[in-house]
Amino acid sequence: MRVKEGVALQEDLLFHISRIEEQAQIISGYASQVVSEQKARLEQRLADLLGDIEVDQSKLANELAFFADKVDISEELTRLSSHIAQFRTAAHSDAAIGRKMEFILQEMLRETNTIGSKSNTLAITNSVIEIKSELERIREQIQNVE
């Protein structure tokens with residue numbers, strides 16, 4: 001019965017990890033669009049404010065470069081992906097992995113929080129919320145893992 005419960009728990013944990021991975025892929029897709037969308041918004045705002053006055057393109061480029069650096073989440077997505085792989089490996093282990101899973105989960109939450117704090121788009125924020133919900137479900141289940 002204990003083995004049967006362990007298999008069911010493993011399947012549930014892996015299901016939630018797959019949902020997290022799906023949301024991370026969604027975020028990754030939006031992340032590449034963030035800078036170009038910000039450029040369009042910034043140009044529109046400047047056009048609304050300045051009318052026909054020409055904007056210094058080098059200053060605009062500097063602002064966009066600063067913005068791009070500030071909102072870059074590629075490192076966080078890479079680390080989140082690595083933590084997902086580590087979690088899957090741990091889930092298939094026969095050893096006692098409860099503490100290890102807790103640590104990996106904590107690291108996934110950290111990366112997710114950083115992505116959320118850098119986000120300025122609703123779609124990314126919604127995915128961050130979904131990931132956090134899945135992480136909370138996993139946290140509840142991990143309490144039953146040795």
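In what follows, the accompanying structure is described. (Residues numbered from 1 in each chain as written. Predicted model: local features only at pLDDT ≥ 70, side-chain atom pairs only at ≥ 80, totals over all residues. Heavy atoms only, no water.)

## Re helix α2 (residues 57–71)
Selection rule: Under the scheme used here, helices are H or I runs from DSSP no shorter than 4 residues and strands are E runs no shorter than 2 residues, and both carry numbers assigned from the N terminus. A helix is expected to span 1.5 Å multiplied by its residue count minus one. For every residue, the accessible area (1.4 Å probe, protein chains only) is compared with the maximum for its type, and the residue is labelled buried under 20%, exposed over 50%, or partly exposed between those bounds. Working note: the arc is built from the helix axis to C-beta atom directions. Contact definition: two residues touch when any of their heavy atoms are within 4.5 Å.
In this model α2 runs 21 Å from its N-terminal to its C-terminal C-alpha over 15 residues, within 8% of the 21 Å that 1.5 Å per residue would give. Of all the positions in α2, only Leu60, Leu64, Phe67 and Val71 are classed as buried. Around the axis of α2, the buried residues are gathered within 60° of arc, so they sit on the same side. Of the exposed residues in α2, those oriented more than 90 degrees away from the buried face are Lys59, Asn62, Phe66 and Asp69. On its buried face, α2 is in contact with α1 (2–50) and α4 (98–118).

## Considerations on the packing of helix α3 (residues 74–91) against α4
To keep things clear, this is the line we draw: Lines fitted to the C-alpha atoms define the axes, with helices restricted to the stretch that makes contact. Angles between their N-to-C directions range from 0 to 180 degrees. In what follows, roughly perpendicular refers to angles from 65 to 115 degrees, roughly parallel to angles under 35, roughly antiparallel to angles over 145, and oblique to any angle outside these ranges. Note: crossing handedness is left-handed where the near helix turns anticlockwise from the far helix by less than a right angle, and right-handed where it turns clockwise. Only Asp, Glu, Lys and Arg are considered charged in this grouping, and only Ala, Val, Leu, Ile, Met, Phe, Trp, Tyr, Cys and Pro are considered nonpolar; every other residue, Gly among them, is considered polar.
Running from N to C, α3 and α4 point in directions that differ by 160°, and their axes come no closer than 9 Å. As summarised for this structure, α3 and α4 are arranged roughly antiparallel, according to the angle between their axes. The two elements α3 and α4 meet at a crossing, and its hand is left-handed. Contacts between α3 and α4 involve Glu76, Leu77, Arg79, Leu80, His83, Ile84, Gln86, Phe87, Ala90 and Ala91 on the former and, on the latter, Lys100, Met101, Ile104, Glu107, Met108, Glu111, Thr112, Thr114, Ile115 and Lys118. Taken together, the residues of the contact of α3 with α4 break down into ten nonpolar, four polar and six charged.

## Let's talk about the packing of α1 against α2
Between α1 and α2, the shortest axis-to-axis distance is 10 Å and the interhelical angle comes to 140°. It follows that α1 is oblique to α2 by the angle criterion. In the crossing of α1 with α2, the sense of the turn from one axis to the other is right-handed. Contacts from Val34, Val35, Gln38, Lys39, Leu42, Glu43 and Leu46 in α1 reach Leu60, Glu63, Leu64, Phe67, Ala68 and Val71 in α2. Class assignment for the residues of the contact of α1 with α2 results in nine nonpolar, one polar and three charged.

## Brief notes about a nonpolar patch on the surface
To be explicit about the condition: Patch definition: residues with relative accessible area over 30% and no salt bridge; like charges joined within 9 Å; nonpolar side chains (Val, Leu, Ile, Met, Phe, Trp, Tyr) joined within 5 Å. Computed with the Shrake-Rupley method and a 1.4 Å probe, the accessible areas treat only the protein chains shown as cover for residues. The term salt bridge refers to a side-chain nitrogen of Lys or Arg lying within 4 Å of a carboxyl oxygen of Asp or Glu.
A surface patch of nonpolar side chains, about 320 Å² in accessible area, is lined by Leu49, Leu50 and Ile53. Structurally, the position occupied by isoleucine 53 is in the loop between α1 and α2. On the basis of relative accessibility, which here comes to 57%, the residue isoleucine 53 falls in the exposed class.

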